Amino acid sequence: MEANVIPIMNNIVDKMDMRLTYQRKVILNVLIENIDKHLTANDIYTLIKSKHNIIGMATIYRTIDILNKKGIVIKHDFGDSAAKYELEIEQNKNHHHLICKKCGKVIEMSGLLKDDFYETLLQDKGFECTDYKLKIFGYCADCRNA
Ligand SMILES: [Zn+2]
Ligand SMILES: [Zn+2]
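Procedures and definitions
Residues numbered from 1 in each chain as written. Chains lettered and ligands numbered in written order. Predicted model: local features only at pLDDT ≥ 70, side-chain atom pairs only at ≥ 80, totals over all residues. Heavy atoms only, no water. Donors = N, O, S within 2.8 Å, 3.2 Å for Na, K, Ca; no water. Tetrahedral: all angles 85-135°; square planar, octahedral: opposite > 155°, others 65-115°. Buried < 20%, exposed > 50% of the residue type's maximum accessible area, 1.4 Å probe, protein only. Helix = DSSP H or I, 4+ residues; strand = E, 2+ residues; numbered from the N terminus. Pairing = 2+ DSSP bridges. Domains from an automatic or database assignment. Contact = heavy atoms within 4.5 Å. Buried area = accessible area lost by both parts, 1.4 Å probe. Salt bridge = Lys/Arg side-chain N within 4 Å of Asp/Glu carboxyl O. Nonpolar A, V, L, I, M, F, W, Y, C, P; charged D, E, K, R; others polar. Core = buried A, V, L, I, M, F, W, Y, C linked by side-chain atoms within 4.5 Å. Phe/Tyr/Trp six-rings, centres within 6.5 Å; stacked < 30°, edge-to-face > 60°.

The zinc ion (ligand 1) binds to the protein through Cys-100 (SG), Cys-103 (SG), Cys-140 (SG) and Cys-143 (SG), with metal-donor distances spanning 2.3 Å. Around the zinc ion (ligand 1) sit 4 donor atoms, and with donor-metal-donor angles ranging over 105 to 115 degrees the site reads as tetrahedral. Between the donor residues of the zinc ion (ligand 1), the gaps in sequence give the motif C-x2-C-x36-C-x2-C. Judged on exposure class, the residue Cys-140 and its partner Cys-143 are both buried.

In structure tokens form, the structure reads like this:
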């Protein structure tokens, strides 16, 4: 995982078009290292603290907000208490979220839609799709077996 951080960080810095401050770098590092997860602001705070860096919650919220406006971080509402964040970069696009209504687990999945759905959208609605994320609600395997 560690090996992937540098090229992803370089891509983000290009897209971000602003200075990579210490705080932004630390927060982005955590998001890149957890690219397969969905983190709350509190998760980000805890992960940063575990590496002996202290960045206050206000700074985390402010930085996340900036990254969100720049299209680098996406904010999710999965119907539980806190908003969850993940990187909205090429490597992480176009996956769906399967959300368990019982335990709240969020499972990522891609390849659910047929490739020609872009064309269907364009032809039927004149809508050009650039990326997509579906929220699919139900019960995960663990909860179904319990
Ligand atoms: Zn479940
Ligand atoms: Zn996701």
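Donor atoms from the polypeptide that coordinate the zinc ion (ligand 2) comprise His-38 (NE2), Glu-86 (OE), Glu-86 (OE), His-95 (NE2), His-97 (NE2) and Glu-108 (OE), at 2.0 to 2.5 Å from the metal. Seen from the zinc ion (ligand 2), its 6 donor atoms lie at angles of 54 to 163 degrees, and the figure they make is irregular. Each donor residue of the zinc ion (ligand 2) belongs to the same chain, and together they define the spacing H-x47-E-x8-H-x1-H-x10-E. Highlighted residues: His-38 in the loop between helix H2 (22-33) and helix H3 (41-50) and Glu-86 in strand S2 (residues 84-87), separated in sequence by 48 residues.

Here the focus is the pairing of strand S4 (residues 106-109). Here strand S3 (residues 96-100) pairs with S4 via 4 bridges, running antiparallel. Looking at S4, one finds that Ile-99 is bridged to Val-106. Hairpin connection, S3 to S4: the antiparallel pair is bridged by 5 residues, and Gly-104 has positive phi, about 80 degrees.

Take the domain arrangement of the chain next. What the domain assignment reports for the chain is domain 1 (2-92) and domain 2 (96-145). Between domain 1 and domain 2, the residue contacts involve 9 residues of the former and 7 residues of the latter. Buried surface at the junction of domain 1 and domain 2, both sides included, amounts to about 680 Å², of which 49% is carbon and sulfur. Three residues stand out in domain 1 for area buried against domain 2, namely His-38, Phe-78 and Glu-88, and they jointly supply 57% of the buried area on that side. Where domain 1 touches domain 2, the interface holds 1 salt bridge. Between Glu-88 and Lys-133 there is a salt bridge, with the nearest N and O atoms lying 3.0 Å from each other. When its residues are assigned to classes, the side of domain 1 that touches domain 2 shows 2 nonpolar, 3 polar and 4 charged.

The next thing to look at is the nonpolar core. Judged by nonpolar contacts, the single largest core of 25 residues is most densely connected at Ile-12, Ile-44 and Leu-87. Elements that contribute at least two residues to this core include exactly helix H1 (2-16), H2, H3, helix H4 (57-69) and S2. For this core, the element with the most residues is H2, which contributes 6 residues. The contacts of Ile-12, once residues within four sequence positions are left out, are Leu-28, Ile-32, Ile-72, Leu-87 and Ile-89.

Before going further, it helps to examine the packing of aromatic side chains. The tally for this structure, following the rule as stated, stands at 3 aromatic pairs. An angle of 85 degrees between the planes, with centres 5.0 Å apart, marks the rings of Phe-117 and Tyr-132 as edge-to-face. Here the residue Phe-117 occupies a position in helix H5 (residues 117-125), and Tyr-132 occupies one in the loop between H5 and strand S5 (135-138), the gap between them amounting to 15 residues. Residue Tyr-132 is classed as buried on the basis of its relative accessible area of 17%. For the pair Tyr-118 and Tyr-132, a centre-to-centre distance of 6.2 Å together with 65 degrees between the ring planes defines the contact as edge-to-face. Here Tyr-118 is found in helix H5, whereas its partner Tyr-132 is found in the loop between H5 and S5, with 14 residues between them in sequence.

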